[in-house]
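# Structural overview for review
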Amino acid sequence: QVLLVESGGGVVQAGGSLRLSCAPAERTGTNYAMGWFRQTPGKEREFVTAITWSGDKTYYADFVKGRFTISRDNAKNTVYLQMNSLKPEDTAVYYCAAGGLHYIRNYEADYEYDYWGQGTQVTVSS
């Protein structure tokens with residue numbers, strides 16, 4: 001069982017930046033494909049971005065392209081989400097997700113991920 005922990009959320013003004021981090025609660029020798037999803041009360045959880053296990057490919061939802069960047073440091077067992085030019089509509093709980101040992105065909109699908117964090121709140125004021 002892998003328990004993921006997100007950090008870095010907070011309150012920021014529109015146009016500002018935040019960097020989220022995600023790492024397993026305990027060090028693991030296995031690197032997984034990683035994704036970020038977000039959810040607002042009353043809305044379905046939506047895909048934000050993902051990165052392959054080695055970091056050689058990344059995927060982004062259209063609404064964050066050019067503003068958000070996903071990266072990972074496998075030596076530190078950590079994945080990051082750099083969020084720039086934040087908008088009020090980015091306000092949500094952001095969840096980190098890790099794939100298992102299976103092959104991922106669709107990085108935008110939440111069912112492809114086996115492990116999830118508890119979420120971190122991001123609030124963008126206008």
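Please read these numbers as outputs of a predicted model, since none were measured by experiment.

## Digging into the overall build of the chain
Assigned secondary structure in the chain consists of zero helices and 11 strands. In sequence order, the chain lays out its α and β elements as β-β-β-β-β-β-β-β-β-β-β. In terms of C-alpha radius of gyration, the chain reaches 14 Å, essentially the compact-globule figure of 14 Å for 126 residues. Reported as C-alpha extents along the three principal axes, the dimensions of the chain are approximately 40 × 25 × 25 Å. When burial is assessed residue by residue, the chain has 44% of its 126 residues classed as buried. Of the contacts made within the chain by residues no fewer than 6 positions apart, 56% connect residues no fewer than 24 positions apart. Here the chain displays about 6800 Å² of accessible surface, and carbon together with sulfur accounts for 46% of that area. For the chain, the distance from the average site of its 12 positive side-chain charges to the average site of its 13 negative ones is 5 Å.

## Some details on the layout of surface pockets
Taken as a whole, the largest pocket holds about 260 Å³ of empty space. Contributing to the lining of the largest pocket are 16 residues, with Ala-33, Trp-53, Tyr-103, Ile-104 and Tyr-107 lying nearest its centre. Its residues assigned to classes, the lining of the largest pocket comprises eight nonpolar, six polar and two charged.

## Here's the deal with the environment of Val-79
Structurally, Val-79 can be placed in strand S8 (residues 78–83). When its relative accessible area of 2% is taken as the criterion, Val-79 is described as buried.

## Digging into empty space enclosed by the protein
The full count for this structure, using the stated rule, is one cavity of 30 Å³ or more. Size it by volume and the largest cavity reaches roughly 110 Å³. Forming the boundary of the largest cavity are 16 residues, of which Pro-24, Tyr-32, Met-34, Arg-72 and Asn-77 lie nearest the centre. Listing elements by their share of the lining of the largest cavity, those giving two or more residues are strand S3 (18–24) and S8. At three residues, S3 tops the list of elements feeding residues into the lining of the largest cavity.

## Considering the environment of Leu-81
Considering the arrangement of structural elements, one finds Leu-81 in strand S8. With a relative accessible area of 0%, Leu-81 lands in the buried category. Taking the C-alpha atoms as reference, Leu-81 lies 11 Å from Tyr-60; in sequence the two are 21 residues apart. Other than its neighbours up to four places away in sequence, Leu-81 contacts Leu-18, Arg-19, Leu-20, Trp-36, Thr-49, Phe-68, Thr-69, Ile-70 and Tyr-94.

Cut-offs used in this document
Residues numbered from 1 in each chain as written. Predicted model: local features only at pLDDT ≥ 70, side-chain atom pairs only at ≥ 80, totals over all residues. Heavy atoms only, no water. Helix = DSSP H or I, 4+ residues; strand = E, 2+ residues; numbered from the N terminus. Rg over C-alpha atoms; globule rule 2.2 N^0.38 Å. Buried < 20%, exposed > 50% of the residue type's maximum accessible area, 1.4 Å probe, protein only. Contact = heavy atoms within 4.5 Å. Areas by Shrake-Rupley, 256 points an atom, 1.4 Å probe, with all protein chains shown as cover. Lys, Arg positive; Asp, Glu negative; His and termini not counted. Charge placed at Lys NZ, Arg CZ, Asp CG, Glu CD. 1 Å grid on protein atoms, 1.4 Å probe; cavity = no way out; pocket = protein on both sides within 12 Å on 5 of 7 lines; lining within 4 Å. Points joined across faces, edges and corners; volume = space filled by probe spheres on them. Nonpolar A, V, L, I, M, F, W, Y, C, P; charged D, E, K, R; others polar.

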